[in-house]
Amino acid sequence: MECNSLVGIRSQLEMGSLENGSTNDFEDETIFSQENVSQKPHSSLAAEQMLHLGCSQAHFVKKIFGNAVYRSVKIVIFSNKLNLLMLFGPLAILVNKFTDHGGWVFFLSLLGITPLAERLGYATEQLAFYTGATVGGLLNATFGNATELIISIYALKNGMTRVVQQSLLGSILSNMLLVLGCAFFCGGLAFHGKEQLFNKATAVVNSGLLLMAVMGLLFPAVLHYTHSEVHFGKSEMALSRFSSVIMLLAYAAYLFFQLKSQRNQYVPIEEVVNDYTASEGNQTGESPDDDETPEISKWESIIWLSIMTAWISILSEYLVNAIEGASVALKIPIAFISVILLPIVGNAAEHASAIMFAMKDKLDISLAVAIGSSTQIAMFGIPFSVIVGWIMGRPMDLNFQLFETATLFITVLVVAFLLQEGTSNYFKGLMLILCYLIVAASFFVHVDPTSDDDSQLKTYVAELFVFSLL
């Protein structure tokens, strides 16, 4: 439109100059018409051609850019019916602004974060196409846990250390029991006639790291409840911070081991078969099955990751501020909200990804998503929260109380036993899901002990410890 108007103005100016000129000027102009015609391609025609070319290029770039944005929004936002729940996010902000009903703010924020967590996992999977399987699995676990880490930081900022501890613990339990259980169950139903296989070495390494995390959580709790600290209150905090640093170093070494030293160990079994099939196909002239391609570009994935993370951060603040009000309004213990409800929303990405890959017989990737996410929370998320609390001046430690620590220890043992064969079926998945239901029911009737109950529990545990030694 702008280009056409510029060309029209130029034509009107030229016509006006001809109408205002005299007949003699016209005659003089006709005398030298041959010379003007020879000069015009170098001046007027060249300018018009450049103007048309520039306008056409700008219109083309604008059209392509607009189509790319529309296509990206259509794929990421409008391709999934679950994304309708995104509307509850702004609604939660409005309810918080005009009312004081913490239950509705919590419920609407929870619904609003759910599709964002799932889309965060989708964008991570798209980015994984450009980074490779190993780095992609690490990215999936990292951004899959972004929701829990963001919620934990806001909770620490508000001094809600127990919410941080229980939400991180609940994320581990949810990934190991619910997410992995649903993956085994759905994969077993999809491939009912056979047992699915996965890389047993990967499961052994992750189980060892999870047991190390249990050790890091168990010693501060036992030190506290046996009343055997050198300096009461200070020794437990010092041990927690020291153990957190050690756990972070162990996780860094694990990343180096995974990405550099033993990279082939973490390649899924299916990829080895596909590589062999591809080499055979090249010899016989057949092409391998290459039906999975990225739907959005690398930079689009990065932009969407940034947008989703920022929006989750905004809603997480409203969610954390409404937890106590929701507990009173809905008559649900804060422990149940922190351990069960928050992790289910935060693990929406892992849940969808693990089931999808299991039903495609890519169980190694499902295992990397579920167990890898649990390992990352246990060895990075929890000690990272302790360090952040140390920086903020918040008393965040590794003493997760005996009930929570015992639950984690038993869960790690159950999952380790089920993974030791390197096979899965729908019955193993059903067992994990039922175990999660028991855990959920336990936290529904669990309340953090008061100071009097805490002192009685300390005395009982100390007597039990001494009696076991005798």
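Residues numbered from 1 in each chain as written. Predicted model: local features only at pLDDT ≥ 70, side-chain atom pairs only at ≥ 80, totals over all residues. Heavy atoms only, no water.

We now examine the pattern of salt bridges. Note that side chains of opposite charge can pair when their charged atoms are close. Using the criterion set out here, one finds two salt bridges in the structure. Note that Glu404 is salt-bridged to Arg162, the shortest N-O span being 2.8 Å. Of the two residues, Glu404 is situated in helix H18 (residues 401-419) and Arg162 in helix H9 (residues 161-190); the sequence distance between them amounts to 242 residues. For Arg162, a relative accessible area of 19% gives the class buried. (Salt bridge = Lys/Arg side-chain N within 4 Å of Asp/Glu carboxyl O. Helix = DSSP H or I, 4+ residues; strand = E, 2+ residues; numbered from the N terminus. Buried < 20%, exposed > 50% of the residue type's maximum accessible area, 1.4 Å probe, protein only.)

A separate point is the packing of aromatic side chains. Under the counting rule described, the total for this entry stands at seven aromatic pairs. Ring geometry for Tyr251 against Tyr254: centres 5.8 Å apart, planes inclined by 40°, an arrangement best described as tilted. With Tyr251 and Tyr254 both in helix H11 (residues 234-261) and three residues apart, the pair spans about one turn of that helix. Overall, the relative accessible area of 8% leaves Tyr254 in the buried class. An angle of 80° between the planes, with centres 5.2 Å apart, marks the rings of Phe403 and Phe443 as edge-to-face. Note that Phe403 is positioned in helix H18 and Phe443 in helix H19 (residues 426-444), a separation of 40 residues in sequence. Owing to a relative accessible area of 35%, Phe403 belongs among the partly exposed residues under this scheme. Feature note: the residues Tyr251, Tyr254, Phe380 and Phe384 constitute an aromatic cluster, connected by ring pairs. Sitting over the face of the ring of Tyr122, Arg119 holds its NZ or CZ atom 4.3 Å from the ring centroid. (Phe/Tyr/Trp six-rings, centres within 6.5 Å; stacked < 30°, edge-to-face > 60°. Lys NZ or Arg CZ within 6 Å of the ring centre and 35° of its normal.)

Looking now at the packing of helix H5 (residues 88-98) against helix H6 (residues 102-131). Two elements in contact, H5 and H6, have axes separated by 7 Å at closest approach and are oriented at 160°. Taken together, the axes of H5 and H6 are roughly antiparallel relative to one another. Handedness of the crossing formed by H5 with H6: left-handed. Note on element contacts: H6 touches H5 through Trp104, Val105, Leu108, Ser109, Leu111 and Gly112, opposite Phe88, Gly89, Leu91, Ala92, Val95 and Asn96. Within the contact of H5 with H6, the residues separate by chemical class into eight nonpolar, four polar and no charged. (Axes fitted to C-alpha atoms, helices over the stretch in contact; angles between N-to-C directions. Parallel < 35°, antiparallel > 145°, perpendicular 65-115°, else oblique. Left-handed = near helix turned anticlockwise from the far one by under 90°. Contact = heavy atoms within 4.5 Å. Nonpolar A, V, L, I, M, F, W, Y, C, P; charged D, E, K, R; others polar.)

Moving on: the nonpolar core. Of all hydrophobic cores here, the largest spans 94 residues; its most connected members are Phe106, Leu180 and Leu419. No other element matches the 14 residues that H9 contributes to this core. Not counting residues up to four positions away in its chain, the partners in contact with Phe106 are Leu319, Ala322, Ile323, Ala326, Ile337, Leu341 and Leu342. (Core = buried A, V, L, I, M, F, W, Y, C linked by side-chain atoms within 4.5 Å.)

Residues shown with low pLDDT carry predicted positions that ought not to be read at fine detail. In this model, the chain carries a mean pLDDT of 76, and residues with pLDDT of at least 70 account for 72%. In this model residues 268-290 is a low-confidence stretch, pLDDT under 50, and it forms 15 contacts with partners more than four residues away in sequence or in other chains. Of the regions scoring below 50 in pLDDT, residues 451-470 engages in ten contacts with residues more than four places distant in sequence or in other chains. (pLDDT = per-residue confidence, 0-100.)

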